[in-house]
Amino acid sequence: MISYKEAGVDIDAGNSFVDAIKPLVKSTLTPGCLGSIGSFSGAFELPSGYREPTLLAGTDGVGTKLRLAIDAGKLDGVGVDLVAMCVNDILCNFGKPLFFLDYYATAKLDVEAAREVVAGIAEGCRRAHCALIGGETAEMPSMYGSGDFDLAGFAVGIAEKSEIDRTKFVREGDVLVALPSSGLHSNGFSLARAVVKKLRLNLGAEFDRRTLGEVLLEPTRIYVDDFLKLKDHVHALAHITGGGIVENLPRVFPSGLGAKIERAAIRTPEIFKLIASETSQAEMDRTFNCGVGMILVADKAEVDFILSNSDGYVIGEVVKGEGVTLA
């Protein structure tokens, strides 16, 4: 007779994990939450005050950054990354995040490692002012190697229907304001790890006043507070993820408009300069955020307010044409 545990799945460990994360989940709950952990689904009451309330949804993972975190044994930040990559996208359609769900799949459940990851997810949810209302943990020893796991995140937000399409608000002459990234965020790590390997760099070596590993694993910045403060003063937002500025910024422009950006104006952290030493500028432009995590598109009359109420800085303007010119 073979038990489920002998086959590689430990139900008792799963139950211990649920008990371990209950206080973490509770710390994220917001007024719209209904029920509690342990139900078959998460429930959330739609907030009032919207004329045409429309739900927005986003999903993402952490990508190859997770490989680096597992190898380094530093898991506290990847949960923040998971939340950030989902909620930052929702902001670009003028949505306010409401709730979040996660999926954690592993070969064998390590309760403490999984609790550390969920602690990061809870921290990300608190930063995003959204509730962690559900999740799923799966042990699949035939799918993953020993010590490995993967993450997926799912966020739901709410917006006014008339505010979702930002392209109709963008005008020629609008100013482009960059909000700094906290680092690589969660994109381009396959290339970044290849450069680290080629240069034979030690992740524990000092780099830019920290260790190289700490710089690479810096959690993705969450821009919810910036959005809530500035939303009435901007025409559009572009989350700069995989594809860089050149592929993400055009997504908020109507046909016939593009962007002119002064490359020298971009404040580029040292980690990007290190990677750039082993690849082309074109690869950098279409792989990394290069220091710009979010771009705000705003009327010139609003720029002073934005600069006074954020850490943003001007990098360019909206012009006639298509695409992005980095001059």
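Every value quoted in this text rests on a predicted model; they were computed, and no experiment measured them.

The rules behind these values
- Residues numbered from 1 in each chain as written.
- Predicted model: local features only at pLDDT ≥ 70, side-chain atom pairs only at ≥ 80, totals over all residues.
- Heavy atoms only, no water.
- Buried < 20%, exposed > 50% of the residue type's maximum accessible area, 1.4 Å probe, protein only.
- Helix = DSSP H or I, 4+ residues; strand = E, 2+ residues; numbered from the N terminus.
- Pairing = 2+ DSSP bridges.
- Salt bridge = Lys/Arg side-chain N within 4 Å of Asp/Glu carboxyl O.
- Axes fitted to C-alpha atoms, helices over the stretch in contact; angles between N-to-C directions.
- Contact = heavy atoms within 4.5 Å.
- Core = buried A, V, L, I, M, F, W, Y, C linked by side-chain atoms within 4.5 Å.

**Q** Which residues make up the pairing of strand β12 (residues 292–298), and what values go with them?
**A** Here β12 lies mainly inside the structure; seven of its seven residues are buried. Sheet analysis places strand β7 (residues 175–180) next to β12, joined by six bridges and oriented antiparallel. Looking at the pairing, Pro180 lines up with Val292 of β12. In the sheet, strand β10 (residues 236–239) pairs with β12 via four bridges, with the strands oriented antiparallel. Counterpart to Ala236 in the pairing with β12 is Val297.

**Q** Go over the pattern of salt bridges, please, and point to the residues and values.
**A** If the charged atoms of two oppositely charged side chains come close together, the side chains can form a pair. Enumeration according to the criterion identifies 19 salt bridges in this entry. A salt bridge links Arg221 to Asp311; the shortest N-O distance between them is 2.9 Å. With Arg221 in the loop between α6 (212–216) and α7 (224–230) and Asp311 in the loop between α11 (303–308) and β13 (313–320), this residue pair connects regions lying 90 residues apart in the sequence. For Arg221, a relative accessible area of 17% corresponds to the buried category.

**Q** Before we move on, could you go through unusual backbone geometry and cite the residues and values that matter?
**A** The phi angle at His129 is positive, at roughly 55°, despite the residue not being glycine. With respect to the secondary-structure elements, His129 resides in the loop between α4 (111–128) and β5 (131–139). With a relative accessible area of 34%, His129 lands in the partly exposed category. Positive phi values are uncommon outside glycine, yet Arg209 reaches one of about 70°. Its place among the elements puts Arg209 in the loop between β8 (206–207) and β9 (210–211).

**Q** Residues and numbers for the sheet that holds β5, please.
**A** Here four strands make up an open sheet; going across it, the order is β3-β6-β4-β5 and the pairing mixed. The sheet terminates laterally at β3 (53–60) and β5, the two strands that pair on one side only. The sheet shows a mean angle of 15° between the axes of neighbouring strands, direction not considered. Pairing between strand β4 (residues 96–106) and strand β6 (residues 149–160): 10 bridges, direction antiparallel. Paired with Thr106 across the bridge in β6 is Phe149. With respect to the sheet, α4 is in contact with β4, β5 and β6, its orientation differing from that of β4 by roughly 170°.

**Q** Now, about the nonpolar core: what can you tell me, with residues and values included?
**A** Phe100, Leu151, Leu184, Ile271 and Leu296 are the most contacted members of the largest nonpolar core, which has 73 residues in total. In terms of residues, this core owes the most to one element, helix α3 (residues 78–91), which gives nine residues. Not counting chain neighbours up to four residues away, the residues in contact with Leu151 comprise Gly61, Val62, Leu66, Val78, Leu82, Tyr103, Tyr104 and Val117. Ranked by size, the runner-up nonpolar core spans 22 residues in total, among them Ile240, Phe253, Ile261 and Ile295.

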